[in-house]
Protein chains: 2
Amino acid sequence: MGVAEQEFPGFSGGLGRRVPELGALELLLAVARLGSLGRAARELGITQPAASSRIRSMERQLGVALVDRSPTGSRLTDAGALVTDWAQRIVEAAEAFDAGAQALRDRRDSRLRVAASMTIAEYLLPGWLIALRAQRPDTAVSLLAGNSAVVAERLLADEADLGFVEGLSVPTGLDSAVIAHDRLIVVTAPGHPWARRRRPLAAAELASTPLILREKGSGTRQVLDAALGGLARPLIELSSTTAVKASVVSGAGPAVLSELALGEELSARRLVSVPVADVRLSRALRAVWPAGHRPAGPARDLLSLTVASGG
Amino acid sequence: MGVAEQEFPGFSGGLGRRVPELGALELLLAVARLGSLGRAARELGITQPAASSRIRSMERQLGVALVDRSPTGSRLTDAGALVTDWAQRIVEAAEAFDAGAQALRDRRDSRLRVAASMTIAEYLLPGWLIALRAQRPDTAVSLLAGNSAVVAERLLADEADLGFVEGLSVPTGLDSAVIAHDRLIVVTAPGHPWARRRRPLAAAELASTPLILREKGSGTRQVLDAALGGLARPLIELSSTTAVKASVVSGAGPAVLSELALGEELSARRLVSVPVADVRLSRALRAVWPAGHRPAGPARDLLSLTVASGG
DNA sequence: CCTGCACATAGAGTGGGCTTATGGGCGTGG
DNA sequence: CCACGCCCATAAGCCCACTCTATGTGCAGG
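The structure presented is a predicted model; accordingly, all values stated were derived computationally and were not measured.

Draft legend 1. Structural context of the overall build of chain A. When helices and strands are counted, chain A shows 13 helices and 11 strands. If one aligns the C-alpha atoms of chain A with their principal axes, the spans along those axes are about 70 × 50 × 40 Å. Within chain A, the fraction of its 311 residues that count as buried is 53%. If you take every contact in chain A between residues at least 6 apart in sequence, the share linking residues at least 24 apart comes to 72%. Accessible surface for chain A amounts to roughly 13,900 Å². Of this, 50% is attributable to carbon and sulfur atoms.

Listed below in C-alpha cells is the structure:
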C-alpha cells in the first residue's frame, strides 16, 4: 500500500479485475430469464438488495447500463443483451468444469465409474456428463483419467464400468465401439514461417523440426511418434495441453494438437494450422468395456449419448 | 443465519459456489505454464503466500489435489491437468467477454468504430477483437449493436468505420463482402415430439406452431418471417438469445436459432435439431462500408481477419 | 384508495483474500 | 562444505466486498 499500483499492459493479467465473477454472471442470466431482479434473487437464494447491488456494481465495473429498471420489472438493455450472451458462454464453460470436477471428486459411492483417456476426458466428457445429468439427475459419476493401458486395467479389474480410449488399437480383452474420429493438426503462431506455407509439410520435415510436446506417455504423442515412423524431437515438454497451446501462441514454436483442443484458437486466428502431406494423423476415439459384458444401466445411458453425438 | 441453509437441487443455482473464481483459475493456468507458484504469483502481481493459499483453497473446494509441490517447483497432478484444461475453456470465454465489454464501453476516442448486427456481435466479434488485439495491441475499438438499418445509418453518417449485417439484402449506399453464411436451425428439447421426427418438418407446420422467439425487430426473426412467407406465431417473446435457449432447454417449446448460437447445446444433446423441408433458412453474413470508401487502417485489419476466418 | 410487487437506500456484521514476516527443504557454485 | 538462491508453508493482522435487515418510493389493479 502507498506504493503505486502496477498495470501489466500486454499480458492477460487481471482478467479477474475486468470480468465479473461467476456469481454475478449467473445473476444476470437469471434476471434476463425471469424479468425481475427480485425473482432472480429468490432463485439464487439471496435477497433482493443483494441482487440489486450486485448488478449495479457489475454495471459500474463494465461501464455500461445492463438492465432497464422499472416499477414493473427489469429488462435488458441492448448492451445488456449482448453482455448476457457473452456471459452465457462463460457460464456454459463453468458448467462443464463443474460436471467434470464433481466426477473427479466423487470417487466412492458412485453408480457409474468411467475411465477415460486425457483427450476425451478434457474435451468430450464434461458435455456428456451434463447431458447425462439432464436425463438421470441422480446418477453419481466418477472419473479416472489415464492412458489406454490404465483404462483397460481398470475395466478388467471391475474398477470401472465404461472406458474411453484414443489409441490406434483396442486393448485385448475389451469390446469397443467407435464413437468419433480425431485428427491431429500441426499448428503455429500466425507469425511463424510455416503459417504462410501453401505446399504441405513433408513427414520428414515435421520429424526433423523440434516441436512443443506434451510429456512422454501422452496418447497424442504416441500417435505422433507412430505417424512419423520414429520419435518426434522435443523443443520443450510441457505438462498439459493448455501449457502447450499457450506456448505456441506466444511464438515458441510449432506443435501437434488434437483438433478438439483447437476450436477457438483456430477460428480466431490465434493459431494457424499447417497442411501436412504424407502423414496419417488421424485416430479413432472408442468406447470400451470388458469383452462380453455389454454395458447396462447408467453405463448404457452414457454410451448411447456418446455414439449419438459422435461425428 | 440460524435458519437452515437451502439447497436448490436440480436447478443450476450455486455454480459460483462450486466453481472457483476467475482469478483462481487464471492463477492455476499460470502455475501450469510457469511451473512454480511463486513465478505465477509474480506474473499476476500478487505475493507467493497469496498464490499458495489460493491454490490450496481451490483444492479444498474441488476436493482434489491439483499441483504436486516440491522444493524445486510445482507440477500439475493428473487431475490438475484435467482441471486446468477445463479452466482454460472458462478463461477463453472470459477473454471474449472482456474484449467485447471493453468495446461496448470505449465509445469515444476509439480508433476503430464498429457497428454490427446482434448475431455477429454476439458470436463472432469477440473472437475477432481478440485476434485484432494480438496483431495491433494499441487499437481501441468501440462497438455498437443494432439492426441493418442502424448499421447503415451509422456508416453513412461517418459514425462508424466498418459494419457487419446479417440481412438478406445489402442496404443501399453500402459496399459489402460476404464473410460467412449462417443457417437457422429449428431446435427443441430432447423430450419434445419433434426431436424424434425423421421426416422433415414442412414450412406450413412450422408456421402454424407457436414458437419461442426473440422480440420483433431481431434479425433472426425477420429472416424467419420471410422464410415462412408470413409471420411466425409467438409462444413467448424473450429479450435475448440466452433466454430463448434456456426456455427451449426447459421444455417450453421449439425455437429457431442461428447455428452460431448452438454449438455446445447440440453436441451435448441438451437441444436437438429438427430437419426442415421446404424452407430456406440461410443467410449471408456481410461486412459493409460506405460505397466507394474501401476500408483502410484498423478497419482494413479487422476486415482481413474476418474474411480469412469465415466459413 | 389500498394492497402487492417492483426497485432503491442505509447501516451493521462477517469472512475471504491480501499483505508482511518468518521458517524449513533442496540445489548449486565458490 | 557452507552459503546463497529458489522453492514452498505457516502465522497474524488488515481491509474490502458482499451480505443481511429494515426501511422508503413508484406504479398497477381491484
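Draft legend 2. Just the protein's contact with DNA strand D, in detail. Surrounding DNA strand D, one finds 22 residues, the nearest of these being T47 of chain A together with L37, S52, R56 and R69 of chain B. One of the side-chain nitrogen or oxygen atoms of T47 of chain A is found 2.7 Å away from a phosphate oxygen of DNA strand D. Contacts to DNA strand D include S74 of chain B, whose side-chain N or O atom sits 2.8 Å from a phosphate oxygen. Among the residues forming the surface near DNA strand D, the class breakdown is seven nonpolar, 10 polar and five charged.

Draft legend 3. Region of interest: unusual backbone geometry. A positive phi is found at D158 of chain A, a non-glycine position, where the angle reads about 55 degrees. Positionally, D158 of chain A belongs in the loop between helix 8 (148-156) and strand 5 (162-165).

Draft legend 4. Fine view of the packing of aromatic side chains. Residues and elements named next belong to chain A. In this structure the tally under the stated criterion is two aromatic pairs over all chains. With centroids separated by 4.9 Å and ring planes inclined at 45 degrees, the aromatic side chains of W128 and F164 adopt a geometry described as tilted. Taken as a pair, W128 in helix 7 (residues 125-135) and F164 in strand 5 lie far apart in primary sequence, 36 residues in all.

Draft legend 5. Inspection of the pattern of salt bridges at higher detail. Enumeration over the complete set of coordinates arrives at 32 salt bridges over all chains. For E92 of chain A, the salt bridge identified is with K245 of chain B, shortest N-O distance 3.6 Å. With one member in each of two chains, E92 of chain A in helix 5 (residues 78-106) and K245 of chain B in helix 11 (residues 241-249) form a pair that bridges those chains. Of the two residues, E92 of chain A and K245 of chain B, both sit in the buried class.

Draft legend 6. Inspection of the interface of chain A and chain B at higher detail. Contact residues are listed per partner, giving 79 residues for chain A and 79 residues for chain B. Of the roughly 6,800 Å² buried between chain A and chain B on both sides combined, carbon and sulfur atoms contribute 63%. Taken together, the links from chain A to chain B amount to four salt bridges. The interface formed by chain A and chain B holds 16 residue pairs in polar contact (both at pLDDT 80 or more) in total. When residues in the side of chain A that touches chain B are grouped by element, the largest group, 24 residues, is from helix 5 of chain A. Considering only residue class, the side of chain A that touches chain B consists of 40 nonpolar, 18 polar and 21 charged.

Draft legend 7. Here's a closer look at the packing of helix 2 (residues 22-34) of chain B against helix 4 (residues 48-62) of chain B. Residues and elements named next belong to chain B. Two elements in contact, helix 2 and helix 4, have axes whose closest approach is 10 Å; the angle formed by their N-to-C orientations is 105 degrees. The angle between helix 2 and helix 4 places the two elements in the roughly perpendicular class. Residues G23, A24, L25, L27, L28 and V31 of helix 2 form the contact with helix 4, whose participating residues are A51, R54, I55 and M58. Of the residues belonging to the contact of helix 2 with helix 4, the class tally is eight nonpolar, one polar and one charged.

Draft legend 8. Representation of the UniProt feature "domain: HTH lysR-type" (unreviewed entry) in chain A within the structure. The UniProt record marks residues 20-77 of chain A with the feature "domain: HTH lysR-type" (unreviewed entry), using the residue numbering of this structure. Along residues 20-77 of chain A the backbone is 62% helical and 14% strand, and the end-to-end C-alpha distance reaches 18 Å.

Draft legend 9. Seen up close, the relation of the copies chain A and chain B. Rotating chain A by 180 degrees and moving it 0.0 Å along the rotation axis overlays it on chain B with an RMSD of 0.0 Å. In the structure described here, the two chain copies are related by an operation that fits a two-fold rotation axis. When C-alpha positions in chain A are compared against the rotation axis, the closest is assigned to I90 of chain A, at 2.8 Å. Both copies present the same face, since 100% of the interface residues in chain A are matched by interface residues at the equivalent positions in chain B.

Draft legend 10. Spotlight on the protein's contact with DNA strand C. Around DNA strand C, a shell composed of 20 residues is seen, among which L37, S52, R56 and R69 of chain A together with T47 of chain B lie nearest. Within 4 Å of the protein, the contacting atoms of DNA strand C are 70% sugar and phosphate, with bases supplying the remainder. T47 of chain B places a side-chain nitrogen or oxygen 2.7 Å from a phosphate oxygen of DNA strand C. Separating a phosphate oxygen of DNA strand C from a side-chain N or O atom of R54 of chain B is a distance of 3.1 Å. Among the secondary structure elements, those contributing two or more residues to the surface near DNA strand C are helix 3 (37-44), helix 4 (48-62), strand 1 (67-70) and strand 2 (73-76) of chain A together with helix 4 of chain B. Among the residues making up the surface near DNA strand C, the classes are represented as seven nonpolar, eight polar and five charged.

Draft legend 11. Spotlight on the packing of helix 2 of chain B against helix 3 (residues 37-44) of chain B. All names here are of chain B. The N-to-C vectors of helix 2 and helix 3 enclose an angle of 125 degrees; their axes lie 8 Å apart at closest approach. As summarised for this structure, helix 2 and helix 3 are arranged oblique, according to the angle between their axes. Between helix 2 and helix 3 the crossing geometry is right-handed. Contacts between helix 2 and helix 3 pair E26, L27, A30, V31, R33 and L34 from the former with L37, R39, A40, A41, E43 and L44 from the latter. Classifying every residue of the contact of helix 2 with helix 3 by side-chain character gives eight nonpolar, no polar and four charged.

Draft legend 12. Here's a closer look at the environment of A93 of chain A. Of note, A93 of chain A is situated in helix 5. Considering only alpha carbons, one finds A93 of chain A and S53 of chain A, 40 residues apart in sequence, at a separation of 25 Å. Apart from the residues lying within four places of it in its own chain, the contact partners of A93 of chain A are R89 and I90 of chain B.

Draft legend 13. How the structure looks around the side chain of D98 of chain B. Examined against the element boundaries, D98 of chain B turns out to sit in helix 5 (residues 78-106). When sequence neighbours within four positions are dropped, the list of residues in contact with D98 of chain B reads L15, R18 and V19 of chain A together with R133 of chain B.

Thresholds, definitions, all that
Residues numbered from 1 in each chain as written. Chains lettered and ligands numbered in written order. Predicted model: local features only at pLDDT ≥ 70, side-chain atom pairs only at ≥ 80, totals over all residues. Heavy atoms only, no water. Helix = DSSP H or I, 4+ residues; strand = E, 2+ residues; numbered from the N terminus. Buried < 20%, exposed > 50% of the residue type's maximum accessible area, 1.4 Å probe, protein only. Contact = heavy atoms within 4.5 Å. Areas by Shrake-Rupley, 256 points an atom, 1.4 Å probe, with all protein chains shown as cover. Near = heavy atom within 4 Å. Polar contact = N/O pair within 3.5 Å; in protein donor to acceptor, adjacent residues only side chain to side chain. Nonpolar A, V, L, I, M, F, W, Y, C, P; charged D, E, K, R; others polar. Phe/Tyr/Trp six-rings, centres within 6.5 Å; stacked < 30°, edge-to-face > 60°. Salt bridge = Lys/Arg side-chain N within 4 Å of Asp/Glu carboxyl O. Buried area = accessible area lost by both parts, 1.4 Å probe. Axes fitted to C-alpha atoms, helices over the stretch in contact; angles between N-to-C directions. Parallel < 35°, antiparallel > 145°, perpendicular 65-115°, else oblique. UniProt positions renumbered as here; feature names shortened; annotations may be inferred. Least-squares fit on C-alpha atoms with pLDDT ≥ 70 in both. Left-handed = near helix turned anticlockwise from the far one by under 90°.

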